[in-house]
2 protein chains.
Amino acid sequence: MKAYIAENKQRFLDELFDFLRIPSISADSNHKGDMLTAAQFVETKLQEAGMDKTEICPTDGHPIVFAEKFIDASLPTILVYGHYDVQPADPINLWDSPPFEPVIKKTALHPEGAIFARGACDDKGQIYMHIKAIEAMVAKNELNCNVKIMFEGEEEIGSENLATFVKANKEKLKADIILISDTAIIANDIPSVETGLRGLAYMEVEVTGPNKDLHSGVYGGAVDNPINVLTKMIASLHDENGKITVEGFYDKVIELSLEERAALEAAPFNLGEYKKDLDIAEVNGEKGYTTRERAAIRPTLDVNGIWGGYTGEGSKTVLASKAFAKISMRLVPNQDWNEISDLFTSHFLKIAPKTVKVKVSKHHGGQPYVTPTDSIGYQAAFKAMEEGYGKTPVPTRGGGSIPIVALFEKELGLKSILLGFGLDSDSIHSPNEHYGVFNFLKGIETIPLFYKYFKELSNA
Amino acid sequence: MKAYIAENKQRFLDELFDFLRIPSISADSNHKGDMLTAAQFVETKLQEAGMDKTEICPTDGHPIVFAEKFIDASLPTILVYGHYDVQPADPINLWDSPPFEPVIKKTALHPEGAIFARGACDDKGQIYMHIKAIEAMVAKNELNCNVKIMFEGEEEIGSENLATFVKANKEKLKADIILISDTAIIANDIPSVETGLRGLAYMEVEVTGPNKDLHSGVYGGAVDNPINVLTKMIASLHDENGKITVEGFYDKVIELSLEERAALEAAPFNLGEYKKDLDIAEVNGEKGYTTRERAAIRPTLDVNGIWGGYTGEGSKTVLASKAFAKISMRLVPNQDWNEISDLFTSHFLKIAPKTVKVKVSKHHGGQPYVTPTDSIGYQAAFKAMEEGYGKTPVPTRGGGSIPIVALFEKELGLKSILLGFGLDSDSIHSPNEHYGVFNFLKGIETIPLFYKYFKELSNA
C-alpha cells in the first residue's frame, strides 16, 4: 500500500491541484457554477477510484456528491463525510500567492513543503485523501469494509440542505460509523484524535439610528450615533472577567471535571510559541481557564465582522444611519444553538437604547458534539493513528464546529469519528491557507488503517 | 436687480445643473480629472460674470480658482470664499436619483421645488449664487465694492493646500472682509446668521491583534479579538453622562453664559418635528444641555466609519487580524484641534490592552470660530438678510466646521461672515442632498444687499 502511494504521489498532488483551482466558494452566489464544477470533479474521481455507484444529488442550494461501494453484507459500512466548498478568500491582498492557484512552498513546520491554496486543508485536501485511500485499497484489493461517501457543498454556510438530505435519505445513508477528516492534529510528531467539537450560533445585527446618513457637524452630539451605540452594545457582551453577559448563556454548560481538564492539559502546548506565532504580547479570555481550555471546552462570543458609515479613502464627516455586525458564539455541551440564538436575540434587543431600532437575524448554527473514547470507532481511529505515526496519539477537544455531526447522531443514530490530519497553524479560513504534503500523504496511508481496525474491532 | 434675476432664472439653473453634473469628489483620487474640469467651469463662469482677472492656481492637491474685480481703491474689498469639491456620494444605492444627474423635485419644505444632486447645497449651489449675484451687479452697474474670489477644491478633505496658498499670498488676498455661503438658515421663513462654527479633529485608528486572520473556532476565546477590543475602546470614550472621557478634552472649553444660552434658545425649534424628520424615538447627548446646544455649543465625538473582519454576503467564522475606525470630534472655543488630536492619540494608546497594537493617525482638522455680532460685517449680513427676507434674522451658532475660517483670521487678519442660505434638512453629506430653488434665488437676491450694506457701514 505504502509503495502504491509513493509511486502515485505526484499524480495525487496534480489531481488535488486541479481540484483546488476550482473556486468553490459556497457563500458567494457568483460561484454557483464553480460549485457544480467541483461536484462533478469529485464524482469523476470517485468513479476512477473504483466506487460502484456515484451520483450528484441536487438540493435547494449546492449539490451533494454521494457514492457507494458494496462488498459484503457481513462487513461493516463506513460513511465518509466531508465538504468540497471553501471559505471566501478575502482579504485577497493578504495572500502571498493567488488563493486558487496552488503552489508548494516549504515552511518551518512543513520542511517537506506545504500546498498553499484556499481549501488545501479545509476541506478539499482532506476529502481528497479519502478518495485516494479508497483508490489504493481497491487497487491493492485491501478494501475490507463497505463504503459510502457523502461530500456536501454547504459546510461553510451551515449545511442546511444537507440536513434536509439526511432526514430524507436515512436508508441510503445506513452505516456503522461516520468518518470525517476536517480537523487537526497537535503537531506532525504529536498525533491526536479529537473527542469533541464546539457548537456554533452565528448571528447578524443591524442598528438603525436616524433614517438617513447625517452631517456629523449639524447633528453630531444631539442624535445618537448608531455606530457608537453598536460599539457600546457589543462591549457590554463581555464582563470584566471575560464572561459572556447574555442572560442564561452558561445555564446548560457542562463543566469538565478536574481530571478531564488535567487530561487535556497533559497534551504538549507551548504558550510562548503560540504567542510568537501570532505576534501577540498577551493572550486574553475567560478568567479561570487556560488558553487551550478557552479555545476548546469553553463557550465564546466573537465579532466576525463589523461595518458602518464611511470606510473609504480619506474622510467623510458623516453620522451614519446604520451600523452592522456579524457575531458568532462557539458552544459547548450541552448548550443548544437555537436556544442560545434566541437568548442572544432577546438580550441584544433588551440592551438597545430607545434612540435606535435593532434587528437581529440568525445566519446558521450547530450543536456541540462529543465522541465517547471507549467506542469502537474512536478506538479504531486511535490505533490507526498510532500505527500510522508510530506514536501514541493524544485525545483532544476541538474548538471548531462541524454543525452537522450532531445532526448525524440525531437522525442516523451514528457517531462521527474526527480523523483529521491538518495543523492549527494551517491558516484555514485565513489568507495563505496551506496543507502539508507530509500530512496529505500520511492521511492517505492512515485512512486504510482505520478501515482495518474498525473491521477487526467490529467483529471482535 | 430682482427683475434681472427673474428673467435669467432658467439659465442660472441650467448652468448650475451643468456644474452639478461634474463629479468633483476631492476625497477620491479617481476623480482628479473631474476636479480640474470643475475648476475650469468655475473660471469660465467668473469670466462671463464680468470678473477682470481670473486664474486657476495649481496646488499640491486640487487647484484653487482665484478671480478679482477692482473698481476703486476707495471702496471696500470683499473676498468671497467657497469650495467646488463635494463629499463622496456613497451609499449610492440610497439615492432616489443619480447624485450627479440633478433633478428638481417638490418637497414639503420646498414647495417651489428643490435641486437634488451631490453638492447642490454644499457648496456648488451656494458658490454659484455668488457668481450669478456678481453677474447681476455688473450687468446692472450696481457693483459697489471691489471683489476677490477664492474657490478651493479641498474643503471636504481639510483644505491643507489652501492653507499653504493663503500663507503664501497675503498681498493678493488683501481685503476688508471674507464672505462665505456654506451654512444654513433656520427655515425659509426664519432667516438667521451664524455667529460661530465648531472646530474639527478627524482621526483614524487601527487596532491589530494576531498577525493574520484566524479561525474563530480554533482561536476564539483564547486570542483577543481586535474588533471586540475596538468596540470596548470606543465605548469607553463617553461616560454615562455623555461626556467625552479623553483626559483634558474639556479643559479649554469656554462655557456660554446663561444669557448667551437663553439667546440661542430663543430661536424657534420643534423637538417633535426634529425627531419625526429623522424617525428617531429619542434624542441623546451630553447631560445638562438641550438638543440645539449639544449640536452647536458643545464639543462632540462621533465614529464616522468602522470596519473589520468579514463584511460580505453570508457568514465567515473569522477572527480578524485588524479593525479600523474613523473618529472625529467637533470642537468649540477655545479648544485647539492639534492639541485635541494629541490628547485623543495619547488617550487612545493608553486605553489599549496589551493584547493589541494600536495606530492612531490624524486626517485633518480646524479651529472653532466666532464672529462678533457687533462687527460691521456681521451687521451688514444681518441687514441684508432682514431686507432680503423681510424678517428680522435670528443669530445662531453652527454645529458644522469650516476649518479654514480660523486660519483666515490668523493669517489674513480677516473675519469671515457666514451668510449661508441652506437648510439643515438639505441632507448635505447624505444621500439625496438637495437645495431649494427658492433658497438659490433668494441667495442671489440677498448677496448684493450685503455688498450694499457693507459699503454703507464701512463708510459710516
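Procedures and definitions
- Residues numbered from 1 in each chain as written.
- Chains lettered and ligands numbered in written order.
- Predicted model: local features only at pLDDT ≥ 70, side-chain atom pairs only at ≥ 80, totals over all residues.
- Heavy atoms only, no water.
- Helix = DSSP H or I, 4+ residues; strand = E, 2+ residues; numbered from the N terminus.
- Polar contact = N/O pair within 3.5 Å; in protein donor to acceptor, adjacent residues only side chain to side chain.
- Contact = heavy atoms within 4.5 Å.
- Expected span 1.5 Å × (residues − 1).
- Buried < 20%, exposed > 50% of the residue type's maximum accessible area, 1.4 Å probe, protein only.
- Buried area = accessible area lost by both parts, 1.4 Å probe.
- Nonpolar A, V, L, I, M, F, W, Y, C, P; charged D, E, K, R; others polar.
- Pairing = 2+ DSSP bridges.
- 1 Å grid on protein atoms, 1.4 Å probe; cavity = no way out; pocket = protein on both sides within 12 Å on 5 of 7 lines; lining within 4 Å.
- Points joined across faces, edges and corners; volume = space filled by probe spheres on them.

Looking up chain A in an unreviewed UniProt entry gives the name Dipeptidase, with the organism given as Lacihabitans lacunae.

(A) Expanded view of the side chain of arginine 298 of chain A. Residues and elements named next belong to chain A. Residue placement: arginine 298 occurs in the loop between helix H8 (291-294) and strand E12 (300-309). For arginine 298, the side chain forms a polar contact with the side chain of glutamate 286, separated by 2.7 Å. Other than its neighbours up to four places away in sequence, arginine 298 contacts Arg198, Lys243, Tyr250, Val253, Glu255, Glu286, Tyr289, Glu293 and Val332.

(B) Layout of helix H10 (residues 376-389) of chain A. All names here are of chain A. For H10, spanning 14 residues, the distance from its first C-alpha to its last is 20 Å, which sits close to the expected 20 Å at 1.5 Å a residue. Taken together, the buried positions of H10 are Gly377, Tyr378, Ala380, Ala381, Phe382, Ala384, Met385, Gly388 and Tyr389. On its buried face, H10 sits against strand E7 (177-180), strand E8 (184-185), strand E9 (192-197), strand E17 (394-397), strand E18 (416-418) and helix H12 (437-459). The first or second residue beyond H10 is glycine 390, which carries a positive phi of 65°.

(C) Here's a closer look at the interface of chain A and chain B. Across the boundary between the two partners, chain A contributes 88 residues, which contact 88 residues of chain B. At the boundary of chain A with chain B, total buried surface from both sides reaches about 7,600 Å², with 50% on carbon and sulfur atoms. When the area that chain A buries against chain B is broken down by residue, the three leading residues are Ile306, Ser315 and Lys316 of chain A, summing to 8%. For the side of chain A that touches chain B, the element with the most residues is E12 of chain A, which contributes 10 residues. Residues that form the side of chain A that touches chain B fall into these classes: 29 nonpolar, 36 polar and 23 charged. Two strands pair when backbone bridges link them, and E12 of chain A and strand E12 (residues 300-309) of chain B are joined in this way by 5 bridges, in the antiparallel orientation. Bridge pairing in E12 of chain B links glycine 305 of chain A to glycine 309 of chain B.

(D) Local environment of the environment of glutamate 387 of chain A. Residue and element names in this part refer to chain A. By secondary structure assignment, the location of glutamate 387 is in helix H10. On the basis of relative accessible area, glutamate 387 is assigned to the partly exposed category, the value being 41%. Once residues lying within four places of it in the same chain are set aside, the contact partners of glutamate 387 are Leu449, Lys452 and Tyr453.

(E) Structural detail: empty space enclosed by the protein. Residues and elements named next belong to chain B. This model, assessed by the stated rule, comprises 1 cavity of 30 Å³ or more. Volume-wise, the largest cavity comes out at about 40 Å³. What lines the largest cavity is Gly248, Phe249, Lys252, Asn334, Gln335, Asp336, Glu339, Ile340 and Leu343. In the lining of the largest cavity, the residues fall into 3 nonpolar, 3 polar and 3 charged.

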